Amino acid sequence: MPKFMIERDIPDIGTADRDALREAAGKSNSVLNDMKAERKNIQWEHSYVTGNKTFCIYLADNAALVDEHAARSGFPATKVTEIKRVIDPVTAEG
């Protein structure tokens, strides 16, 4: 399944408290569960939170599902990029 990075512009997200992040994750999970019940293949792996953005990693059949999740959850998908490959320090080895 393709992997996507979703850049979301969310002012002051980096200063959100644990309860606010828990609520946001719960809302996202609820929409994902609804979409899965509709037989739409999309899964949230994790997110990185910075000052005014999040960078979320999703698996989905296509970018349209990522956009649909953003619309239904209310979390903006400012930029959606398909991840083609992952490299790390081990890539340099033999």
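Residues numbered from 1 in each chain as written. Predicted model: local features only at pLDDT ≥ 70, side-chain atom pairs only at ≥ 80, totals over all residues. Heavy atoms only, no water.

Colleague: Help me get a handle on the packing of aromatic side chains, residues and values and all.
Modeller: Inspection of the entire model under this criterion finds one aromatic pair. Its guanidinium or amino end placed over the ring of Phe75, Lys27 lies 5.6 Å from that ring's centre, counting from NZ or CZ. (Phe/Tyr/Trp six-rings, centres within 6.5 Å; stacked < 30°, edge-to-face > 60°. Lys NZ or Arg CZ within 6 Å of the ring centre and 35° of its normal.)

Colleague: Tell me about the environment of Ala92, residues and numbers included.
Modeller: Tracing the backbone through its elements, the reader meets Ala92 in the segment after β4 (79–83). A relative accessible area of 73% means that Ala92 is categorised as exposed. In the structure, Ala92 is positioned 66 residues away from Gly26 in sequence and 39 Å away in space, judged by C-alpha atoms. (Helix = DSSP H or I, 4+ residues; strand = E, 2+ residues; numbered from the N terminus. Buried < 20%, exposed > 50% of the residue type's maximum accessible area, 1.4 Å probe, protein only.)

Colleague: Got a sec to walk through the sheet that holds strand β3 (residues 53–60)? Specific residues and values, please.
Modeller: Note: strands within a sheet are paired through backbone hydrogen bonds, in either parallel or antiparallel orientation. Here we have four strands laid out as an open sheet, ordered β2-β3-β1-β4, and antiparallel in their pairing. Two strands bound the open sheet, and with one partner strand each, they are β2 (42–49) and β4. Strand-to-strand, the axes of this sheet are offset by a mean angle of 25 degrees, without reference to chain direction. Summarising the sheet, β2 and β3 pair through seven bridges and their orientation is antiparallel. Bridge pairing in β3 places Gln43 opposite Leu59. On top of the sheet, helix α1 (residues 18–37) reaches β2 and β3; it is set at about 165 degrees to β2, its chief contact. (Pairing = 2+ DSSP bridges. Axes fitted to C-alpha atoms, helices over the stretch in contact; angles between N-to-C directions. Contact = heavy atoms within 4.5 Å.)

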